[in-house]
Amino acid sequence: MAKVYKACRICKRLTTEDVCPVHGEERTKPDWFGFLIINDIHSQIAQKADIKEPGIYAIKVRS
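What counts as what
- Residues numbered from 1 in each chain as written.
- Predicted model: local features only at pLDDT ≥ 70, side-chain atom pairs only at ≥ 80, totals over all residues.
- Heavy atoms only, no water.
- pLDDT = per-residue confidence, 0-100.
- Helix = DSSP H or I, 4+ residues; strand = E, 2+ residues; numbered from the N terminus.
- Salt bridge = Lys/Arg side-chain N within 4 Å of Asp/Glu carboxyl O.
- Buried < 20%, exposed > 50% of the residue type's maximum accessible area, 1.4 Å probe, protein only.

**Quick word on the confidence of the model for the protein**
For step 1, the next point in the chain: Averaged over every residue, the pLDDT of the protein is 94; residues scoring 70 or more account for 100%.
For step 2, the next point in the chain: Within the protein, the element-level pLDDT minimum falls on helix α1 (residues 44–48), averaging 95, and the maximum on strand β1 (residues 6–8), averaging 97.

See the structure below:
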């Protein structure tokens, strides 16, 4: 079965969990659009998106 990624509305981090691993009680949402893979937090894309930790992030999370 395929993994279903969900996004945190606060930090936009993608995860397969029902709650955000960073924000604890924040429920993740399955309705998101586009993603970024950040390996280098000093890259221009990470700086523009204000991302402080490597990982996979949604571009937009719908509420």
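**Structural notes on the pattern of salt bridges**
For step 1, the next point in the chain: Applying the stated criterion across every chain, the model contains five salt bridges.
For step 2, the next point in the chain: One salt bridge in this structure joins aspartate 18 and lysine 6, with 2.4 Å as the shortest N-O distance. Residue aspartate 18 is found in the loop between β2 (14–15) and β3 (28–29), and its partner lysine 6 is found in strand β1; the two are separated by 12 residues along the sequence.
For step 3, the next point in the chain: Taking relative accessible area as the criterion, lysine 6 reaches 18% and is therefore assigned buried.
For step 4, the next point in the chain: A salt bridge links glutamate 53 to arginine 13; the nearest nitrogen and oxygen atoms lie 3.4 Å apart. Placement of the pair is glutamate 53 in the loop between α1 and β5 (55–61) and arginine 13 in the loop between β1 and β2, with a sequence separation of 40 residues.
For step 5, the next point in the chain: Look at glutamate 53 and you get partly exposed, because its relative accessible area is 43%.

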